[in-house]
Amino acid sequence: MKILIIGGGFAGLAAARELSTISRHHSVTLLDRNDFTTMLPALPDLAGGKISASALKYPIRKLVPDSVEFKRAEISLIDPVKKEVLTQTGTLCYDYLITAYGSRTDFYGFDQNPDALYTLDSLNSAIRMQRDFRHYLKTSAQPGLVICGAGYTGLETAFSLRYLAEMSGCSGMSITMIEAGERILPFLSPWLHGYVTDLLRRRGITVMAGNSVSEFDGRCVTLKTGERIENAFVCWCAGTRRAIEISGSPESLKDGRLRTDAYLRVQGYPEVFAAGDAAAIEHNSSFLRKSVNFAIYSGKAVGRNLAATVTGGRMKPFVPIDAGWVIPLHETAVGRLFDRYEIRGRLGLRLHYAMCGLRSRSLRNGLKFIKTAVKLFERGGTWHLISKQGF
Ligand SMILES: Cc1cc2nc3c(=O)[nH]c(=O)nc-3n(C[C@H](O)[C@H](O)[C@H](O)COP(=O)(O)OP(=O)(O)OC[C@H]3O[C@@H](n4cnc5c(N)ncnc54)[C@H](O)[C@@H]3O)c2cc1C
(Lines give C-alpha, C1' and ligand atoms only; values in the text may rest on other atoms or scores of the structure.)
Protein backbone atom coordinates (compact mmCIF):
# COMPACT_ATOMS: atom_id res chain seq x y z
CA MET A 1 0.00 0.00 0.00
CA LYS A 2 1.12 3.58 -0.66
CA ILE A 3 0.23 5.98 2.14
CA LEU A 4 0.80 9.74 1.95
CA ILE A 5 0.60 12.15 4.87
CA ILE A 6 0.34 15.83 3.91
CA GLY A 7 1.68 18.15 6.61
CA GLY A 8 4.46 17.84 9.16
CA GLY A 9 2.68 19.83 11.87
CA PHE A 10 1.16 18.55 15.11
CA ALA A 11 -1.39 16.26 13.42
CA GLY A 12 0.79 14.89 10.60
CA LEU A 13 3.69 14.04 12.90
CA ALA A 14 1.40 12.33 15.42
CA ALA A 15 -0.09 10.25 12.57
CA ALA A 16 3.37 9.36 11.22
CA ARG A 17 4.44 8.02 14.62
CA GLU A 18 1.31 5.83 14.87
CA LEU A 19 1.95 4.48 11.37
CA SER A 20 5.38 3.19 12.36
CA THR A 21 3.56 -0.06 13.24
CA ILE A 22 2.95 -0.72 9.54
CA SER A 23 5.58 1.38 7.75
CA ARG A 24 8.06 -1.51 7.52
CA HIS A 25 5.62 -3.39 5.24
CA HIS A 26 3.94 -0.47 3.47
CA SER A 27 5.27 2.71 1.89
CA VAL A 28 4.52 5.69 4.17
CA THR A 29 5.66 9.17 3.05
CA LEU A 30 5.19 12.45 4.90
CA LEU A 31 5.17 15.56 2.71
CA ASP A 32 5.69 19.15 3.82
CA ARG A 33 6.67 22.37 2.05
CA ASN A 34 9.21 23.04 4.81
CA ASP A 35 11.88 20.80 6.25
CA PHE A 36 10.99 22.05 9.75
CA THR A 37 7.86 22.00 11.91
CA THR A 38 6.63 25.17 13.65
CA MET A 39 5.22 25.92 17.11
CA LEU A 40 2.43 28.14 15.71
CA PRO A 41 0.98 29.29 19.09
CA ALA A 42 4.22 31.20 19.74
CA LEU A 43 4.10 33.19 16.46
CA PRO A 44 2.76 36.32 18.20
CA ASP A 45 5.68 36.09 20.66
CA LEU A 46 8.11 35.86 17.76
CA ALA A 47 6.46 38.80 15.95
CA GLY A 48 6.72 40.83 19.15
CA GLY A 49 10.41 40.01 19.58
CA LYS A 50 9.88 38.10 22.85
CA ILE A 51 11.18 34.76 21.61
CA SER A 52 13.71 33.87 18.90
CA ALA A 53 12.69 32.01 15.73
CA SER A 54 14.98 29.11 16.62
CA ALA A 55 12.77 28.24 19.63
CA LEU A 56 9.78 27.69 17.32
CA LYS A 57 11.23 25.37 14.70
CA TYR A 58 12.52 21.83 14.65
CA PRO A 59 13.66 19.59 11.73
CA ILE A 60 10.86 17.26 10.57
CA ARG A 61 13.35 14.59 9.56
CA LYS A 62 14.37 14.10 13.20
CA LEU A 63 10.74 13.58 14.22
CA VAL A 64 9.52 10.96 11.76
CA PRO A 65 10.22 7.27 12.46
CA ASP A 66 13.08 5.77 10.38
CA SER A 67 10.65 3.63 8.39
CA VAL A 68 8.61 6.69 7.31
CA GLU A 69 10.03 8.66 4.39
CA PHE A 70 10.05 12.46 4.54
CA LYS A 71 9.88 14.45 1.30
CA ARG A 72 9.95 18.21 0.98
CA ALA A 73 7.19 19.18 -1.48
CA GLU A 74 4.74 22.04 -2.00
CA ILE A 75 1.34 20.57 -2.79
CA SER A 76 -0.99 22.61 -4.96
CA LEU A 77 -3.98 20.29 -5.37
CA ILE A 78 -5.45 17.06 -4.02
CA ASP A 79 -7.54 14.98 -6.40
CA PRO A 80 -9.39 12.40 -4.27
CA VAL A 81 -11.16 10.94 -7.31
CA LYS A 82 -7.92 10.05 -9.12
CA LYS A 83 -6.17 9.48 -5.73
CA GLU A 84 -3.39 11.91 -6.65
CA VAL A 85 -1.69 14.93 -5.17
CA LEU A 86 -0.10 17.55 -7.37
CA THR A 87 3.27 18.94 -6.28
CA GLN A 88 5.54 21.54 -7.87
CA THR A 89 7.70 18.77 -9.27
CA GLY A 90 5.10 16.23 -10.35
CA THR A 91 2.15 14.06 -9.36
CA LEU A 92 2.14 11.51 -6.53
CA CYS A 93 -0.48 8.79 -6.25
CA TYR A 94 -1.73 7.07 -3.11
CA ASP A 95 -3.89 4.24 -1.84
CA TYR A 96 -4.54 6.07 1.44
CA LEU A 97 -4.12 9.75 2.26
CA ILE A 98 -3.96 11.68 5.53
CA THR A 99 -4.73 15.38 5.11
CA ALA A 100 -3.02 17.26 7.95
CA TYR A 101 -2.02 20.43 6.10
CA GLY A 102 -3.32 22.90 8.71
CA SER A 103 -4.80 26.21 7.61
CA ARG A 104 -3.73 29.53 6.12
CA THR A 105 -4.93 33.13 6.30
CA ASP A 106 -8.31 33.80 4.72
CA PHE A 107 -8.59 37.18 2.96
CA TYR A 108 -12.29 36.60 2.17
CA GLY A 109 -11.67 37.85 -1.36
CA PHE A 110 -9.97 41.11 -0.26
CA ASP A 111 -7.16 41.54 -2.81
CA GLN A 112 -6.00 45.15 -2.52
CA ASN A 113 -2.21 45.42 -2.09
CA PRO A 114 -1.79 41.99 -0.46
CA ASP A 115 2.02 42.40 -0.38
CA ALA A 116 1.65 45.33 2.02
CA LEU A 117 -0.55 43.33 4.44
CA TYR A 118 1.00 41.32 7.27
CA THR A 119 -0.31 37.90 8.29
CA LEU A 120 0.60 35.53 11.11
CA ASP A 121 0.22 31.94 9.93
CA SER A 122 3.79 30.67 9.46
CA LEU A 123 7.29 31.12 10.80
CA ASN A 124 8.30 33.32 7.86
CA SER A 125 5.23 35.53 8.21
CA ALA A 126 6.11 36.21 11.87
CA ILE A 127 9.76 36.95 11.02
CA ARG A 128 8.62 39.34 8.27
CA MET A 129 6.12 41.04 10.58
CA GLN A 130 8.74 41.67 13.26
CA ARG A 131 11.42 42.87 10.82
CA ASP A 132 9.14 45.27 8.90
CA PHE A 133 7.41 46.55 12.03
CA ARG A 134 10.78 47.51 13.57
CA HIS A 135 11.64 49.36 10.34
CA TYR A 136 8.21 51.01 10.27
CA LEU A 137 8.63 52.26 13.85
CA LYS A 138 12.01 53.78 12.98
CA THR A 139 10.77 55.55 9.87
CA SER A 140 7.29 56.74 10.91
CA ALA A 141 6.72 60.03 12.70
CA GLN A 142 3.21 59.00 13.82
CA PRO A 143 2.98 55.20 13.79
CA GLY A 144 -0.44 53.59 13.67
CA LEU A 145 -1.06 49.87 13.93
CA VAL A 146 -4.24 48.49 12.33
CA ILE A 147 -5.30 44.91 13.03
CA CYS A 148 -8.08 43.47 10.89
CA GLY A 149 -9.87 40.86 12.95
CA ALA A 150 -10.20 40.92 16.75
CA GLY A 151 -10.22 37.16 17.33
CA TYR A 152 -7.52 35.45 19.37
CA THR A 153 -4.76 35.90 16.74
CA GLY A 154 -5.65 39.58 16.25
CA LEU A 155 -5.62 40.29 19.99
CA GLU A 156 -2.37 38.43 20.58
CA THR A 157 -0.77 40.30 17.68
CA ALA A 158 -1.97 43.69 18.97
CA PHE A 159 -0.55 43.10 22.45
CA SER A 160 2.74 41.66 21.14
CA LEU A 161 3.41 44.48 18.68
CA ARG A 162 2.44 47.04 21.32
CA TYR A 163 5.13 45.50 23.53
CA LEU A 164 7.68 45.66 20.68
CA ALA A 165 6.83 49.34 20.09
CA GLU A 166 7.33 50.10 23.79
CA MET A 167 10.65 48.23 23.84
CA SER A 168 11.69 50.28 20.78
CA GLY A 169 11.02 53.50 22.72
CA CYS A 170 7.80 54.34 20.87
CA SER A 171 4.99 55.00 23.32
CA GLY A 172 2.64 57.13 21.19
CA MET A 173 1.55 54.52 18.64
CA SER A 174 -2.18 54.28 17.96
CA ILE A 175 -3.65 50.76 17.76
CA THR A 176 -6.96 50.15 16.03
CA MET A 177 -8.63 46.77 15.76
CA ILE A 178 -11.30 46.35 13.08
CA GLU A 179 -13.84 43.61 13.80
CA ALA A 180 -16.63 42.63 11.42
CA GLY A 181 -18.73 41.07 14.22
CA GLU A 182 -20.80 43.23 16.54
CA ARG A 183 -18.81 42.07 19.58
CA ILE A 184 -15.27 40.76 20.07
CA LEU A 185 -14.83 37.17 21.28
CA PRO A 186 -18.60 36.55 21.58
CA PHE A 187 -17.97 33.15 23.25
CA LEU A 188 -16.52 34.81 26.39
CA SER A 189 -18.61 35.01 29.55
CA PRO A 190 -19.48 38.53 30.77
CA TRP A 191 -16.78 38.14 33.46
CA LEU A 192 -14.01 37.47 30.92
CA HIS A 193 -15.43 39.80 28.28
CA GLY A 194 -15.48 42.72 30.71
CA TYR A 195 -11.89 41.93 31.71
CA VAL A 196 -10.67 41.94 28.08
CA THR A 197 -12.51 45.12 27.05
CA ASP A 198 -11.24 46.93 30.16
CA LEU A 199 -7.69 45.78 29.41
CA LEU A 200 -7.95 46.98 25.81
CA ARG A 201 -9.16 50.39 27.02
CA ARG A 202 -6.37 50.67 29.60
CA ARG A 203 -3.75 49.76 26.98
CA GLY A 204 -5.10 52.38 24.56
CA ILE A 205 -6.28 49.83 21.99
CA THR A 206 -9.39 50.97 20.09
CA VAL A 207 -11.80 48.31 18.84
CA MET A 208 -14.13 49.24 15.97
CA ALA A 209 -16.69 46.44 15.99
CA GLY A 210 -19.27 45.95 13.23
CA ASN A 211 -16.79 47.46 10.75
CA SER A 212 -14.45 46.27 7.99
CA VAL A 213 -11.77 47.54 5.62
CA SER A 214 -13.18 48.66 2.28
CA GLU A 215 -9.98 50.08 0.73
CA PHE A 216 -6.25 49.74 1.27
CA ASP A 217 -3.77 51.54 -0.98
CA GLY A 218 -0.71 49.97 0.63
CA ARG A 219 -0.44 52.46 3.50
CA CYS A 220 -3.81 54.13 4.02
CA VAL A 221 -6.84 52.19 5.25
CA THR A 222 -10.43 53.26 4.53
CA LEU A 223 -13.17 51.64 6.57
CA LYS A 224 -16.69 50.66 5.53
CA THR A 225 -17.99 53.54 7.65
CA GLY A 226 -15.74 56.05 5.84
CA GLU A 227 -12.99 56.66 8.45
CA ARG A 228 -9.42 56.74 7.12
CA ILE A 229 -6.28 55.68 8.94
CA GLU A 230 -3.16 57.15 7.30
CA ASN A 231 0.32 55.62 7.14
CA ALA A 232 -0.72 52.43 8.90
CA PHE A 233 1.06 49.14 9.52
CA VAL A 234 -1.72 46.71 8.66
CA CYS A 235 -1.97 43.14 9.97
CA TRP A 236 -4.64 40.81 8.57
CA CYS A 237 -5.76 38.39 11.28
CA ALA A 238 -9.38 37.97 10.21
CA GLY A 239 -9.55 34.17 9.96
CA THR A 240 -8.11 31.06 8.38
CA ARG A 241 -9.16 28.58 5.74
CA ARG A 242 -8.13 25.27 4.15
CA ALA A 243 -4.42 25.37 3.20
CA ILE A 244 -4.69 23.26 0.02
CA GLU A 245 -7.37 23.11 -2.65
CA ILE A 246 -9.19 19.81 -3.22
CA SER A 247 -11.09 18.83 -6.33
CA GLY A 248 -14.25 16.72 -6.24
CA SER A 249 -16.13 19.01 -3.79
CA PRO A 250 -15.83 16.94 -0.61
CA GLU A 251 -18.29 17.97 2.09
CA SER A 252 -16.70 20.92 3.90
CA LEU A 253 -17.43 23.80 6.27
CA LYS A 254 -17.32 27.41 5.04
CA ASP A 255 -13.63 27.66 5.99
CA GLY A 256 -12.83 24.55 3.93
CA ARG A 257 -12.42 22.07 6.80
CA LEU A 258 -13.31 18.57 5.62
CA ARG A 259 -16.32 16.90 7.25
CA THR A 260 -15.30 13.58 8.75
CA ASP A 261 -17.10 10.51 10.03
CA ALA A 262 -16.58 9.10 13.54
CA TYR A 263 -13.31 7.44 12.39
CA LEU A 264 -12.01 10.70 10.87
CA ARG A 265 -12.47 9.56 7.27
CA VAL A 266 -13.50 12.29 4.86
CA GLN A 267 -17.15 11.90 3.96
CA GLY A 268 -17.50 10.37 0.51
CA TYR A 269 -13.81 9.37 0.32
CA PRO A 270 -13.17 6.47 2.75
CA GLU A 271 -9.47 6.22 1.78
CA VAL A 272 -8.87 9.86 2.83
CA PHE A 273 -8.49 10.67 6.53
CA ALA A 274 -8.37 14.20 7.97
CA ALA A 275 -6.82 15.51 11.19
CA GLY A 276 -5.98 18.79 12.90
CA ASP A 277 -7.01 22.09 11.33
CA ALA A 278 -7.79 20.29 8.06
CA ALA A 279 -10.68 18.38 9.68
CA ALA A 280 -14.17 19.47 10.69
CA ILE A 281 -14.77 17.12 13.62
CA GLU A 282 -18.27 17.17 15.02
CA HIS A 283 -18.55 16.96 18.78
CA ASN A 284 -21.53 17.82 21.02
CA SER A 285 -23.49 19.35 18.07
CA SER A 286 -20.64 21.67 17.19
CA PHE A 287 -17.19 21.43 15.54
CA LEU A 288 -13.91 21.20 17.42
CA ARG A 289 -11.95 24.46 17.42
CA LYS A 290 -8.51 24.62 15.82
CA SER A 291 -6.02 23.78 18.54
CA VAL A 292 -2.75 22.00 19.21
CA ASN A 293 -4.25 19.36 21.49
CA PHE A 294 -7.06 18.40 19.11
CA ALA A 295 -4.51 18.30 16.25
CA ILE A 296 -2.28 15.87 18.16
CA TYR A 297 -5.16 13.65 19.39
CA SER A 298 -6.85 13.52 15.98
CA GLY A 299 -3.49 12.89 14.28
CA LYS A 300 -2.91 9.90 16.56
CA ALA A 301 -6.43 8.64 15.91
CA VAL A 302 -6.14 8.78 12.10
CA GLY A 303 -2.77 7.03 12.27
CA ARG A 304 -4.25 4.21 14.37
CA ASN A 305 -7.41 3.91 12.27
CA LEU A 306 -5.49 3.87 9.00
CA ALA A 307 -3.15 1.19 10.35
CA ALA A 308 -6.22 -0.83 11.42
CA THR A 309 -7.78 -0.43 7.94
CA VAL A 310 -4.63 -1.65 6.19
CA THR A 311 -4.11 -4.62 8.52
CA GLY A 312 -7.78 -5.62 8.65
CA GLY A 313 -8.15 -4.55 12.29
CA ARG A 314 -11.01 -2.62 13.88
CA MET A 315 -11.11 1.18 13.76
CA LYS A 316 -12.12 3.14 16.84
CA PRO A 317 -14.32 6.25 16.84
CA PHE A 318 -12.46 9.42 17.80
CA VAL A 319 -13.47 10.75 21.23
CA PRO A 320 -11.90 14.15 21.94
CA ILE A 321 -10.95 15.36 25.42
CA ASP A 322 -11.18 19.11 25.86
CA ALA A 323 -8.56 20.42 28.30
CA GLY A 324 -9.63 23.99 27.52
CA TRP A 325 -8.13 27.06 25.90
CA VAL A 326 -6.12 30.14 26.81
CA ILE A 327 -5.76 33.47 24.98
CA PRO A 328 -2.45 35.12 25.97
CA LEU A 329 -2.53 38.94 26.05
CA HIS A 330 1.13 39.76 26.65
CA GLU A 331 1.18 40.30 30.43
CA THR A 332 -2.05 38.45 31.21
CA ALA A 333 -4.44 35.91 29.68
CA VAL A 334 -8.02 34.70 29.69
CA GLY A 335 -9.10 31.10 29.38
CA ARG A 336 -11.37 28.25 30.26
CA LEU A 337 -10.17 24.91 31.60
CA PHE A 338 -11.97 21.56 31.32
CA ASP A 339 -15.13 23.39 30.22
CA ARG A 340 -15.61 24.41 33.85
CA TYR A 341 -13.06 26.84 35.22
CA GLU A 342 -12.62 30.33 33.84
CA ILE A 343 -9.27 31.96 34.42
CA ARG A 344 -7.79 35.39 33.89
CA GLY A 345 -4.42 36.82 34.80
CA ARG A 346 -0.99 35.27 34.88
CA LEU A 347 -2.02 31.67 35.49
CA GLY A 348 -3.30 31.44 31.91
CA LEU A 349 -0.08 32.97 30.61
CA ARG A 350 2.00 30.44 32.51
CA LEU A 351 -0.18 27.60 31.18
CA HIS A 352 0.24 28.90 27.63
CA TYR A 353 4.05 28.90 27.77
CA ALA A 354 4.07 25.60 29.66
CA MET A 355 1.93 24.06 26.86
CA CYS A 356 4.34 25.44 24.22
CA GLY A 357 7.25 23.99 26.21
CA LEU A 358 5.71 20.56 26.69
CA ARG A 359 4.58 20.36 23.05
CA SER A 360 8.01 21.45 21.75
CA ARG A 361 9.89 18.73 19.92
CA SER A 362 13.27 19.35 21.55
CA LEU A 363 14.41 19.71 25.12
CA ARG A 364 16.33 22.88 24.21
CA ASN A 365 13.25 24.58 22.70
CA GLY A 366 10.99 23.26 25.44
CA LEU A 367 13.19 24.70 28.17
CA LYS A 368 13.07 28.17 26.58
CA PHE A 369 9.27 28.18 26.92
CA ILE A 370 9.26 26.62 30.39
CA LYS A 371 11.73 29.31 31.54
CA THR A 372 9.38 31.96 30.13
CA ALA A 373 6.42 30.31 31.89
CA VAL A 374 8.24 30.57 35.19
CA LYS A 375 9.66 34.06 34.75
CA LEU A 376 7.18 35.85 32.44
CA PHE A 377 7.97 39.24 30.98
CA GLU A 378 7.08 41.61 33.79
CA ARG A 379 7.18 41.18 37.49
CA GLY A 380 4.21 41.57 39.78
CA GLY A 381 0.56 41.10 38.82
CA THR A 382 -1.97 38.66 40.20
CA TRP A 383 -3.67 35.56 38.93
CA HIS A 384 -7.22 34.43 39.46
CA LEU A 385 -8.90 31.07 39.20
CA ILE A 386 -12.62 30.82 39.50
CA SER A 387 -15.21 28.14 39.26
CA LYS A 388 -17.97 28.43 36.69
CA GLN A 389 -20.54 27.69 39.34
CA GLY A 390 -19.67 30.93 41.15
CA PHE A 391 -21.05 32.99 38.25
C1 LIG B 1 -1.02 32.73 15.54
C2 LIG B 1 -1.60 31.45 16.04
C3 LIG B 1 -1.76 31.25 17.41
C4 LIG B 1 -2.29 30.04 17.89
N5 LIG B 1 -2.41 29.86 19.24
C6 LIG B 1 -2.83 28.67 19.71
C7 LIG B 1 -2.85 28.42 21.11
O8 LIG B 1 -2.49 29.27 21.91
N9 LIG B 1 -3.27 27.18 21.53
C10 LIG B 1 -3.66 26.21 20.65
O11 LIG B 1 -4.01 25.10 21.07
N12 LIG B 1 -3.67 26.44 19.31
C13 LIG B 1 -3.26 27.64 18.82
N14 LIG B 1 -3.24 27.85 17.47
C15 LIG B 1 -3.79 26.83 16.57
C16 LIG B 1 -2.83 25.67 16.38
O17 LIG B 1 -1.53 26.16 16.13
C18 LIG B 1 -3.32 24.81 15.24
O19 LIG B 1 -4.62 24.38 15.53
C20 LIG B 1 -2.41 23.60 15.04
O21 LIG B 1 -1.10 24.02 14.68
C22 LIG B 1 -2.98 22.70 13.94
O23 LIG B 1 -2.09 21.63 13.73
P24 LIG B 1 -2.05 20.92 12.30
O25 LIG B 1 -1.05 19.83 12.41
O26 LIG B 1 -3.42 20.65 11.84
O27 LIG B 1 -1.49 22.06 11.31
P28 LIG B 1 -0.09 22.82 11.33
O29 LIG B 1 0.55 22.79 12.66
O30 LIG B 1 -0.39 24.16 10.74
O31 LIG B 1 0.79 21.98 10.30
C32 LIG B 1 0.46 21.93 8.94
C33 LIG B 1 1.68 21.58 8.13
O34 LIG B 1 1.28 21.47 6.77
C35 LIG B 1 2.23 22.08 5.94
N36 LIG B 1 1.60 22.57 4.71
C37 LIG B 1 0.61 23.47 4.62
N38 LIG B 1 0.31 23.69 3.33
C39 LIG B 1 1.12 22.92 2.60
C40 LIG B 1 1.31 22.73 1.18
N41 LIG B 1 0.58 23.39 0.28
N42 LIG B 1 2.24 21.84 0.79
C43 LIG B 1 3.01 21.18 1.70
N44 LIG B 1 2.88 21.34 3.03
C45 LIG B 1 1.95 22.19 3.47
C46 LIG B 1 2.78 23.24 6.78
O47 LIG B 1 4.09 23.62 6.35
C48 LIG B 1 2.76 22.65 8.19
O49 LIG B 1 4.00 22.08 8.55
C50 LIG B 1 -2.69 29.03 16.96
C51 LIG B 1 -2.52 29.23 15.58
C52 LIG B 1 -1.96 30.41 15.13
C53 LIG B 1 -1.77 30.61 13.63
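Residues numbered from 1 in each chain as written. Predicted model: local features only at pLDDT ≥ 70, side-chain atom pairs only at ≥ 80, totals over all residues. Heavy atoms only, no water.

**Concerning the overall build of the protein chain**
- Counting its secondary structure elements, the protein chain contains 8 helices and 29 strands.
- Taken over the C-alpha trace, the protein chain has a radius of gyration of 21 Å; the compact-globule value for 391 residues is 21 Å, and the two agree within 12%.
- Taken along its principal axes, the extent of the C-alpha atoms in the protein chain is 65 × 50 × 40 Å.
- Per-residue burial over the protein chain gives 54% buried out of 391 residues.
- Within the protein chain, residue pairs in contact and separated by at least 24 positions form 66% of the contacts whose partners lie at least 6 positions apart.
- Summed over its atoms, the accessible surface of the protein chain is roughly 18100 Å², and 51% of this surface lies on carbon and sulfur atoms.
- Computing the positive centroid from 50 side-chain charges and the negative centroid from 36, the protein chain places the two 8 Å apart. (Helix = DSSP H or I, 4+ residues; strand = E, 2+ residues; numbered from the N terminus. Rg over C-alpha atoms; globule rule 2.2 N^0.38 Å. Buried < 20%, exposed > 50% of the residue type's maximum accessible area, 1.4 Å probe, protein only. Contact = heavy atoms within 4.5 Å. Areas by Shrake-Rupley, 256 points an atom, 1.4 Å probe, with all protein chains shown as cover. Lys, Arg positive; Asp, Glu negative; His and termini not counted. Charge placed at Lys NZ, Arg CZ, Asp CG, Glu CD.)

**Things to note about the pattern of salt bridges**
- Inspection of every chain in the model, using the stated rule, returns 20 salt bridges.
- In this structure, Glu 251 and Arg 259 form a salt bridge, with 3.8 Å as the shortest nitrogen-oxygen distance.
- Here Glu 282 ties to Arg 259 by a salt bridge, and the two come within 3.1 Å at their closest N and O atoms. In this pair, Glu 282 is assigned in strand S24 (residues 282–283) and Arg 259 in strand S20 (residues 258–259), connecting sequence segments 23 residues apart.
- Linked by salt bridges that have partners in common, Arg 104, Arg 241 and Glu 245 make up one network. (Salt bridge = Lys/Arg side-chain N within 4 Å of Asp/Glu carboxyl O.)

**Examining the side chain of Thr 176**
- The residue Thr 176 is located in strand S12 (residues 174–179) in this model.
- Exposure remark for Thr 176: the relative accessible area of 10% places this residue in the buried category.

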